[in-house]
Amino acid sequence: MDSLQWHMHTFASSSYDNDSDWDSDTSSNSYQTDLDLRSHHHCPSIDSTDSSGPLHPLDAFLESAVAPEDLPDPYELARTPDDSASIWSDDPQSPRSDPESEYNDEELLILNTPDALYQLFLKEKLQVRINSSKQWELLCPDCAEWCQTGIHSGIDLWISGQFVSLSNHRGSRKCHQKAARKKPSVPEKDDSVFDAPSTRSLFMTSNHTGVLLSTHPRCDCPGLTVAWPQDLRPFVMLFPWERYHEGLDSLPFLVDISNSAVPRVRSKRCRLSTLLEGVPCDECAEISQHVTQLADAARNPKSHTNYRFLGLAHMQDLAKGYADQTRQLRLQGLNESRQYMSTLTQLDDYSRLLMAISEQDIPRLRQIINVALRNGAGVREIVNKLEDALEGVYCPRGYGASDLDIATLVFRLGGRQLLFALNQSLGLPSICTLRTRSTFTVITPTIGPIRNEQLDENIRSVVLSSRTCITALRGVSLMVDEIALEEMAVHFSKYNKIAGLCWKHSHLIDPVLHTYKSAITITQKIHDGEVHLGKELTVIGAACFGEDELYPILAAPTCKTENAGDMEIMLTRTIERWNITGAAASVGPVWSFATDGDATRRAVGHKLFLKKPLSPESQLYGILNNMPGLNTMTGDAEVTLDFDFKHIFKRFCTLIRSPAGIVLNNGRVINAMMLSRYLVWLPAYDEASVTKLLHPDDPQDVPRAIELMQAIVDFSKSQYSLLSNSFSTDVDTRADLMSITLLSNVIESILIPFINPKLSLTEQVHYLSCYAHLAFTIFRIHHRAFMPFQLYYNTQTCIKNVIFNIAKQQLLDPDAPFFLGDCGDDWLELMFGRSRMIGGHNSGCSYSQALDRLSAAKDIDGVFNRHPELDPGHRRLSLGKRVEDVDHINRVMWKGDIISGHCDLPSAWRHGREIALSILTTSQIDPINYSFANLFHDPGTNTLCPLGMNKYFGIAEEELDDSSRVPDPPPMVPATWPPHTLETVIFEAGDIQGVHLGADEDDEELMLTFEEELVAQSASDGPPTQPHTPPTVPSALQGPGIHANDYLLYKGRWIHKQTICRLVINKDFISKSSNRLERVRGYTKVNKRIDMSAGRITDQNLFLVGDIFLTILRSARTVSIALLRSTSLTLNDVSRSSINTTSPDSFSPSFPLSPLPDSQDPLFFLWNGGYVKARSAIPGTSESTECVVIVSVPGFLVEPINPEPTFIRLRDDVNSDDFLEIKGGQSTWQVLHATLLAACELLWTKAVEGKVPLKSIACITPSDAKAFPYQLSDGTPAVISVEACNLLTASEGERITTCLLCEAKVTNMRSHIGQHILRALSNTPESLKEQVGKVLPCGFCGRSGLPECAIRIKVLASGPPSVEMKCIYHFVFKYKFADKGSKHTPCRNVPIRCTLCHPVLPPEPGKSTRKIIPAFVDAVWRYNMVEHVLDQHAEYSVPGHREAGAPLPAEVWGSMRLTDLEQIAARIPKEHWQVGQEGDKENAPASGSRTRKRPALESAASLPLKRPRTAVQPLQISRTSIA
């Protein structure tokens, strides 16, 4: 008991802590219950301090070694329960009833079977508990680890199978290893440390009654001696005493420091006994790990370690560190207090500085501060300097480059006065400083012809002097364009010459004003037209690829009369001087020469830059030779021609907006009127916006042009569903959309490469190659109808130049980017815009002003290049959403890979060709036109020569005007000078010699104005004369800034030469309009001739552009019905997209002719998808090609039609091969034959009623005669107007051979019509297309009431009578022969004179005859005499018609009596024959007639050639498609 009490006194507590390291392998919330060990069955309760009844503990047995021979026999373990004795009893001598009762505890542990472990459990020799998961856990007696059973705590442990997990665990290697590590070594017994308790209690948790197990102690556990590292401070000083307590973070052991030199520790779970003396128990042995951890923690404690984990020594260190830190902070506080005082003083100085800056405008503030800082001045000194500057005492000297740039920008934009004001207020450099330290751009004027020294001087001063620090070579593009110029002469003081005259003719005069007469001479030359004032300024600039700067090297006034030879000299000389001056070696070689669409420069450029093929020795040959179809003609030094792509965009849209439009596919016309019908389908557009898009106020507006092109592309992509529907019943709309889709592909391929900044250089070449092949194919088919020759040449040349320049850039520097925006002359346009901005957006300026503005624009561009942040213009870093932004794309915005070396040109060119093929295969174009491999095999065929033979289009003078060209500024109207010449007039004293321009004596304006101006301005223009000098002899001009050569002596006064120019040469100067559109030749407001009213597309009852209709057309001598499609409409000379069908006004549409195929069945005609084509000559060659026919038709000859759709594939009577032009579609439309017949008759009637001249009907000559007029399968015309055809034949002076009434071919129209008349008179029925006239029908045509059919006759005394009439069927015949008739021609229907109306007077008295002067009288056809007598002579009877009245005179009856031959030949039934008078005899053949060979009834001439068919025959389409 004493030892136990000492133990309790020393360690203060021996209770177990559930959160200690002893239970580290279990969760903190493990549910376990410590129980007193009690007997389960027979064992009485024993206290842990009771020494009576020693027991045998399991751990004592485990620490002893058991020999293998002591193991039980396996067969003994197999004994049944009946053979076994009883289990443990209190009496050791009592027999066992349990079968395994013969095994003691140690043997059961050795057996390690579930049954053996279960027996131990029953003996309460195993510890159990319930974990946090409410499951049983068993404590391994070997390694002291808790073993999971997986059995819920609600189930009692009552069978051996529940101990399988513990059995398996005890046999594992892991258990053996842990048990070996926990087996302590046997130390020497130290009896002075601890007194071991006599017993160690085990605990368990179960539903069974607890049983106390007692063991017999062997030796007391001495605890564990602390092995503390020698390099550390003492254990007591480093031990974390804050953890020496009972709590969450307490240590799992107790410490004995009675001997501070050898401290000992004991586990809170110490067993108090051990098998070996001096050796700690297992629990105490494990404490060594905690001691080691404490030593490691004490060796290098972390800075963030909690204080309770530190020892006393650590706390001392911390306290000492805090003391040092306190001293440092105290010292730092003292230092900072001094700094704060100094800072406050500086803040006061800065406050003074801020107050000085905020209260006063200090000039050149930044410069003052910079100078003071460079000199090491403080804030107080700076404030003093500022105060001195405010008082004017101090002014800093020196300007930086930025100051000079800002001053230059101010001077060039605002002028001298603004710079002076800013110099005084803001301290900017003055004009004197700028002139001293900066270099202004000065362009040498062109006075007289263009000379080499002018170009050389400009190249040296403008280009070479500004690039001294740039050594990298660049490709150079020369560009030329014009800008408006006021027509006035100016005097250049530096050269003492008159400038502003056209460079072509100014060599005819001396530009130096020596005397006043020199001005008179120049004025006379201008009046005579020998010399001209410059109307425009021709500017040539040089731009480097990869740079954003333009260098003007020539500015020459032009009269716009230069021919190709003059332009050739100019361009050739420019390139020569570029090379001679060394610019090619220091800046770079000339790669291209760019221009706009000027025809003269195009022709010159073609001559200079397409004059020889690319040499095989060239480095470019290996690249470009592998691009089939690319034109490789170049100029000297491989210079190529270029055209501005923005001009191409504008001209493309101008072409689309033109009435002629663009012809695509197999002949579909697309123009503004057609597009206005479809663009309203886009959600973003309504009628008003579409109208403004298609008819802008300014056709030069590039953003509007790009917007139109993008709208067409967007519309095409939005109609994919309708295009993919091959069975759509809207045949015409689908055909329109197919053509618009093809146009969209063409537009997209030329537009996207220049406006999509995401494209790489390779993708750009894909698009350009695609356009080149698409345009090549379509141009081969439609030629000028697709686009003008000039536009085609420009676009293909532009693409060719891009390809050449990319290849040149790859050779010069493959790592450099190539920006497509560097091509063209856009940089020159930007400089022109800058110069107009300098002049207040007023384009009117003199030649000297134009040079100053160009020089200023160059200086401004230089400043903006050095300071891009100052430029508010087009230099954007990103592409905005507005359409205007696409006109301002620059290289900074381009995001795609445009490194030239990354582009494989041949591969990209081929890929673009494949894209074009994929587009063309879906079109209606014949594949033969895009067989590129075969076409480009011909060396004379390429994209610039689409028809082969090395024939270029768009450069010949005889070619037609370019309809796509936007209006150009017109040649200015010269001053209205009087027709007589100038004359010199001598006035009285006091007057001066002047110029008299008026023929009227009262017209003294010029002379008086000059004198008045001279007197008024002489004092200001010239310096005052010396007082002592006589006025007649003025002294020489003197004074600062006065140049004597600038003045002329006139009548004792010095006159400035510029005043002479203004008052003499420029007397009749009229400033041009500042509105550019008003300077355009023939300018008319664009929308003035366009119907801008709303609802012109969407209203009902409208005839729209694109609708189909019927009209009549001529072809050779045939007038036939034609079915057409409208492409434009005009009403009262106003273009419209629709016309109300109820409007009485006529309109004039232009239409492409749609061929209507023929069929054997006359009921229907089907459209095969094609258009009628005609031959068109190729300019400059003897070849011709086919083009779609386009005609104009007056509105009253138009009959709208709504054809019926039909499906080709669903008809068995149709050969689908005849409809190949309906590409990808299965539907077309059909028209009833009867509809065509009725329309033809109706339209001809309208033409007759409208008195339309036959020759005014549009005439076509198709290349295929079967295409028009439409024919039946047997080759006969299907629908024609016989009357019109006859009129057409007669109008050409030929005899008509087609009967108007029965359409039979006859040789004697009079005899044939006579038979029709007889049958009509006798009421004999016959089938006629047109019936015989009811009243006095014409004997030639059978019609009645026509003025041209009126006939007159003149009976001569001898010879046949003369007949006068205007019937188109009239022909000359033998009157006497026709009057008698014959067996072959029995008809005697001839015009006769009615003797009742015009009786024959009796002879004069005494004479047998009466002399009568022959005269024309109204005649009556013989067959009309019966009707004439019945109507005009009622007093006479007519046999068979009127019985009352006097008998007809024999002469009259004889003239109207019919013979039997006539009636038989007319096939009149005998019962209908004419009734004769009494005594009449049958007519006998004339004696002079020959015997007929066949009866008259068999006369083929009297029979119609064809009877109308009534049977319905199978439908068969004739092949009338035009190839």
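Small disclaimer: the values here were computed from a predicted structure and weren't measured. (Residues numbered from 1 in each chain as written. Predicted model: local features only at pLDDT ≥ 70, side-chain atom pairs only at ≥ 80, totals over all residues. Heavy atoms only, no water.)

Student: How do you make sense of the overall build of the chain when you look at a structure like this?
Tutor: Summing up its helical and strand segments, the chain has 43 helices and 42 strands in all. For the chain, the residues scored as buried account for 50% of the 1523 residues in total. Expressed as a percentage of contacts within the chain between residues at least 6 apart in sequence, the contacts between residues at least 24 apart total 70%. Carbon and sulfur atoms make up 53% of the accessible area of the chain, which totals about 73000 Å². (Helix = DSSP H or I, 4+ residues; strand = E, 2+ residues; numbered from the N terminus. Buried < 20%, exposed > 50% of the residue type's maximum accessible area, 1.4 Å probe, protein only. Contact = heavy atoms within 4.5 Å. Areas by Shrake-Rupley, 256 points an atom, 1.4 Å probe, with all protein chains shown as cover.)

Student: Please explain unusual backbone geometry as it appears in this structure.
Tutor: Among all residues save glycine, negative phi is the norm, and among peptide bonds the norm is trans. Phi at glutamate 638 takes a positive value of approximately 60°, unusual for a residue other than glycine. If you trace the backbone, glutamate 638 turns up in the loop between strand 16 (633-634) and strand 17 (640-643).

Student: Explain helix 31 (residues 826-838) to me, please; I cannot follow it from the model alone.
Tutor: One turn of an α-helix holds 3.6 residues; hence residues three or four places apart share an orientation. In this model helix 31 runs 19 Å from its N-terminal to its C-terminal C-alpha over 13 residues, within 8% of the 18 Å that 1.5 Å per residue would give. Where helix 31 is concerned, the buried positions are Asp826, Trp827, Leu828, Met831, Phe832, Arg834 and Ser835. Contact partners of the buried residues in helix 31: strand 9 (476-484), strand 12 (536-544), strand 13 (550-558), helix 23 (645-657) and helix 32 (847-866). Phi for glycine 840, located one or two positions after helix 31, is positive at around 70°. (Expected span 1.5 Å × (residues − 1).)

Student: What should I look at first to understand the packing of helix 19 (residues 564-580) against helix 21 (residues 599-609) in this one?
Tutor: How two helices sit against one another is set out by the angle between their axes and by the gap between those axes. Where helix 19 contacts helix 21, the axes come no closer than 9 Å and their chain directions differ by 55°. Considering the angle they form, helix 19 stands oblique to helix 21. Seen from above, helix 19 lies across helix 21 with right-handed handedness. When helix 19 is examined against helix 21, the residues Ala564, Met567, Glu568, Leu571, Thr572 and Ile575 are found in contact with a partner set consisting of Thr600, Arg601, Val604, Lys607, Leu608 and Phe609. (Axes fitted to C-alpha atoms, helices over the stretch in contact; angles between N-to-C directions. Parallel < 35°, antiparallel > 145°, perpendicular 65-115°, else oblique. Left-handed = near helix turned anticlockwise from the far one by under 90°.)

Student: Explain the sheet that holds strand 2 (residues 135-139) here, please?
Tutor: In space, the three strands of this open sheet follow the order 1-2-3, with antiparallel pairing throughout. Edge positions in the sheet fall to strand 1 (128-130) and strand 3 (146-152), since each of these pairs with one other strand and no more. Adjacent strand axes in the sheet meet at a mean angle of 30°, parallel and antiparallel pairs treated alike. Note that strand 1 and strand 2 share three bridges and pair antiparallel. Bridge assignment links arginine 129 to a residue of strand 2, and that residue is glutamate 137. (Pairing = 2+ DSSP bridges.)

Student: How should I be thinking about the confidence of the model for the chain in this particular structure?
Tutor: Detailed reading of predicted coordinates is not advised where the pLDDT is low. Averaged over every residue, the pLDDT of the chain is 76; the share at 70 or more is 76%. Averaged pLDDT values for the elements of the chain fall to 32 in strand 20 (residues 983-985) and rise to 95 in helix 33 (residues 905-920). Counting interchain partners and residues more than four positions distant, the pLDDT-below-50 stretch residues 1078-1088 has 29 contacts. (pLDDT = per-residue confidence, 0-100.)

Student: Where do I start with the packing of aromatic side chains in this structure?
Tutor: Each aromatic ring pair is described using two quantities: the centre-to-centre distance and the angle formed by the ring planes. Taken as a whole and assessed by the stated rule, the structure comprises 36 aromatic pairs. Taking 5.7 Å as the distance between ring centres and 75° as the angle between the ring planes, the aromatic pair formed by tryptophan 241 and tyrosine 244 counts as edge-to-face. By way of ring pairs, the aromatic residues Trp228, Phe235, Phe239, Trp241, Tyr244 and Phe253 are connected into one cluster. Lying across the ring of phenylalanine 953, lysine 951 places its NZ or CZ 5.9 Å from the centre. Sitting over the ring of phenylalanine 1373, arginine 1310 keeps its end group 5.3 Å from the ring centre. (Phe/Tyr/Trp six-rings, centres within 6.5 Å; stacked < 30°, edge-to-face > 60°. Lys NZ or Arg CZ within 6 Å of the ring centre and 35° of its normal.)

Student: I keep staring at the sheet that holds strand 37 (residues 1227-1232) and nothing clicks. Help me out?
Tutor: Picture the strands of a sheet paired through backbone hydrogen bonds; they go either parallel or antiparallel. The antiparallel open sheet is built from three strands, whose spatial order is 31-37-36. Two strands bound the open sheet, and with one partner strand each, they are strand 31 (1164-1166) and strand 36 (1204-1207). Looking at each pair of strands side by side, their axes are set apart by 40° on average, direction ignored. Across three bridges, strand 31 lies against strand 37 in antiparallel orientation. Residue pairing for strand 37: phenylalanine 1164 is matched across the bridge by leucine 1232. Packing of helix 37 (residues 1233-1249) onto the sheet brings it into contact with strand 31 and strand 37, and relative to strand 37 it is tilted by some 55°.

Student: Can you help me understand the pattern of salt bridges in this one?
Tutor: Close approach of charged atoms lets side chains of opposite charge pair. Here the structure, examined in full by the defined rule, presents 43 salt bridges. Arginine 129 is the partner of glutamate 137 in a salt bridge, and the nearest nitrogen-oxygen pair spans 2.9 Å. Residue aspartate 1107 pairs with arginine 677 through a salt bridge whose shortest N-O separation is 3.1 Å. Here arginine 677 lies in helix 24 (residues 672-678) and aspartate 1107 lies in the loop between strand 24 (1102-1104) and strand 25 (1108-1115), a separation of 430 residues in the sequence. Look at the salt bridges and you will find they share partners, linking Asp105, Lys123 and Lys125 into a network. (Salt bridge = Lys/Arg side-chain N within 4 Å of Asp/Glu carboxyl O.)

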